[in-house]
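Summary of structural features
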Amino acid sequence: MRPSLPFRPVAILLAAGFMTLAACERQPVEQPHVPSPGVGLETPAEPAAPVFDVEALGIPMDEASIADGKAIAQTHCAICHGLDQDASLRADAPPLRYVLSLYSPENLSEDFRAGIHVGHETMPDFVFGDLGMDVLLAYLVSIQETPPTAVE
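Heads up: these notes are all about the structure in this document. If you're wondering where the values come from, they're calculated on a predicted model, not measured in any experiment.

Here's the deal with the pattern of salt bridges
Going through the model one piece at a time under the given rule, you end up with three salt bridges. Its salt-bridge partner being Lys70, residue Asp84 comes within 2.8 Å of it at the nearest N-O pair. Taken as a pair, Asp84 in the loop between helix 4 (78-81) and helix 5 (99-102) and Lys70 in helix 3 (residues 63-76) lie far apart in primary sequence, 14 residues in all. Residue Lys70 is classed as partly exposed on the basis of its relative accessible area of 33%.

A short note on the nonpolar core
Across soluble globular proteins, nonpolar side chains show a tendency to be buried alongside one another. Counting residues in hydrophobic clusters, the biggest one holds 26 residues, and the most contacted among them are Leu96, Leu100 and Leu140. With nine residues, helix 7 (residues 129-143) is the largest single contributor of residues to this core. Ignoring sequence-local partners within four residues, the contact set of Leu100 consists of Phe52, Pro105, Leu108, Leu137, Leu140, Val141 and Gln144.

Section: empty space enclosed by the protein
Sizing a probe to match a water molecule and rolling it over the atoms shows the empty space that remains. Using the criterion set out here, one finds one cavity of 30 Å³ or more in the structure. Approximately 40 Å³ is the volume attributed to the largest cavity. Every residue along the wall of the largest cavity is listed here: Asp111, Phe112, Gly115, Ile116, His117, Val118, Met123, Pro124, Asp125 and Phe126.

Notes on helix 3
Compared with the 20 Å implied by 1.5 Å per residue over 14 residues, the 20 Å span of helix 3 between its first and last C-alpha is a close match. Here helix 3 has its buried residues at Ser65, Gly69, Ile72 and Ala73. Buried residues of helix 3, seen end-on, are gathered within an arc of 100° and therefore sit on one face of the element. Counted as exposed and oriented over 90 degrees from the buried face of helix 3: Glu63 and Thr75.

Quick notes on helix 6 (residues 105-114)
Within helix 6 the residues assigned to the buried category are Pro105, Leu108, Ser109 and Phe112. One side of helix 6 carries all its buried residues, which in axial view fall inside an arc of 95°. Exposed side chains of helix 6 directed beyond 90 degrees from the buried face belong to Glu110 and Ala114. Taken together, the buried residues of helix 6 touch helix 2 (54-57), helix 5 and helix 7. Of the residues one or two after helix 6, Gly115 is the one with positive phi, at around 80°.

About the cut-offs
- Residues numbered from 1 in each chain as written.
- Predicted model: local features only at pLDDT ≥ 70, side-chain atom pairs only at ≥ 80, totals over all residues.
- Heavy atoms only, no water.
- Salt bridge = Lys/Arg side-chain N within 4 Å of Asp/Glu carboxyl O.
- Helix = DSSP H or I, 4+ residues; strand = E, 2+ residues; numbered from the N terminus.
- Buried < 20%, exposed > 50% of the residue type's maximum accessible area, 1.4 Å probe, protein only.
- Core = buried A, V, L, I, M, F, W, Y, C linked by side-chain atoms within 4.5 Å.
- Contact = heavy atoms within 4.5 Å.
- 1 Å grid on protein atoms, 1.4 Å probe; cavity = no way out; pocket = protein on both sides within 12 Å on 5 of 7 lines; lining within 4 Å.
- Points joined across faces, edges and corners; volume = space filled by probe spheres on them.
- Expected span 1.5 Å × (residues − 1).
- Arc of directions from axis to C-beta.

Shown next, in the form of structure tokens:
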């Protein structure tokens, strides 16, 4: 009887495996390069829109109020200032989406509420009332963007 015969193939395989492992030196694994966030992007990031403290302004920012403000802007402002992404139709009237970069929302609403003339010489005076001014301001805040260059 030969008891070592069945173990011989296993022993040979184990020896071959150990020899293969010994022959291979462990090479350090090179980690892939991961760029920092924002580095190497092909398209520049859009400028952030201005941030307003609507709680401090005390204006309603619900969808219905913004829609009401847009209706006021459509009726009274769009003819010169454009609406949403529209360009101004007058050189002396900044687009509505940039108007709060020129006037603080607090000052603009106070001036309109007080009936103080705001804007260029030929801009008509408007009386919106407190609620009208609040919803118009809500609409303006909702569409504001940072101007690409200084708006005059």
